Amino acid sequence: MTVFRILVLVVAVTHTLFAGFTALVGAFADGGDVWQRLLLTVVHPLGAAGVLVLVLATRLTRAAIIAIAALLLANVIADLTLAQRIATGAIKGDWELAVVFSVVPIIGIAYSLSLLHTRRTAGR
């Protein structure tokens, strides 16, 4: 295992636990619209699972890596959009939390790009 892969694995496991916990809490919390709840309960756990798949799978197709990277990019865009809306006062919340949720998917995108440039893919 390379150092980068080990670091991404540690960060991915931590992020998965964090995303799972906030999904459980977010599902029962008051406030927030349907999009915020979908982000907390669906997009974040899927993104966390995507990063884990990138790190743990021994061979992935290029299409699978690109699909996971696209999911992670959607996660980042949604989180940064939410952070911007909270920071401008359009909605209530903590913008810092939305930014924190975008860090690991950004790392996952970087890792997926590194996978695309190595021979660790299982074909086209």
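Residues numbered from 1 in each chain as written. Predicted model: local features only at pLDDT ≥ 70, side-chain atom pairs only at ≥ 80, totals over all residues. Heavy atoms only, no water.

Engineer: Mind showing me how you'd approach the nonpolar core here?
Structural biologist: Within soluble globular proteins, side chains that are nonpolar tend to cluster in buried spots. Residues Val-51, Leu-54, Ile-65, Leu-72 and Tyr-111 are the most contacted members of the largest nonpolar core, which totals 17 residues. Among the elements of the structure, helix H1 (3–28), helix H2 (34–56), helix H3 (62–87) and helix H4 (95–116) are those that each provide at least two residues to this core. Ranked by the residues each element gives to this core, the list is headed by H4, at five residues. Residues Leu-82, Ala-83, Ile-91 and Ala-98 belong to the second largest nonpolar core, which totals six residues. (Core = buried A, V, L, I, M, F, W, Y, C linked by side-chain atoms within 4.5 Å. Buried < 20%, exposed > 50% of the residue type's maximum accessible area, 1.4 Å probe, protein only. Helix = DSSP H or I, 4+ residues; strand = E, 2+ residues; numbered from the N terminus.)

Engineer: Please clarify how the layout of surface pockets should be interpreted in this entry.
Structural biologist: Leftover empty space is mapped by rolling, across the atoms, a probe with the size of a water molecule. In this structure, the second largest pocket occupies an estimated 220 Å³ of space. At the level of elements, H2 and H3 are the ones that each hand at least two residues to the lining of the second largest pocket. At five residues, the largest contribution of residues to the lining of the second largest pocket is made by H2. In terms of residue class, the lining of the second largest pocket is made up of seven nonpolar, two polar and two charged. (1 Å grid on protein atoms, 1.4 Å probe; cavity = no way out; pocket = protein on both sides within 12 Å on 5 of 7 lines; lining within 4 Å. Points joined across faces, edges and corners; volume = space filled by probe spheres on them. Nonpolar A, V, L, I, M, F, W, Y, C, P; charged D, E, K, R; others polar.)

Engineer: Help me understand the packing of H3 against H4, please; the structure alone is not making it clear to me.
Structural biologist: Geometry of a packed helix pair, given as the angle between the helix axes and the separation of the axes. Orientation of H3 relative to H4, taken along the N-to-C sense of each, is 160°, at an axis distance of 8 Å. Taken together, the axis directions place H3 and H4 in an arrangement best described as roughly antiparallel. Along this stretch, H3 crosses H4, giving a crossing that reads as left-handed. Split into classes, the residues belonging to the contact of H3 with H4 amount to 20 nonpolar, four polar and two charged. (Axes fitted to C-alpha atoms, helices over the stretch in contact; angles between N-to-C directions. Parallel < 35°, antiparallel > 145°, perpendicular 65-115°, else oblique. Left-handed = near helix turned anticlockwise from the far one by under 90°.)

Engineer: Whenever I open this one, the side chain of Ser-102 confuses me. Can you help?
Structural biologist: Tracing the chain through its elements places Ser-102 in helix H4. Under the relative-accessibility criterion, Ser-102 is labelled buried at 2%. With near-sequence residues (within four places) excluded, Ser-102 lies in contact with Val-76, Asp-79 and Leu-80. (Contact = heavy atoms within 4.5 Å.)

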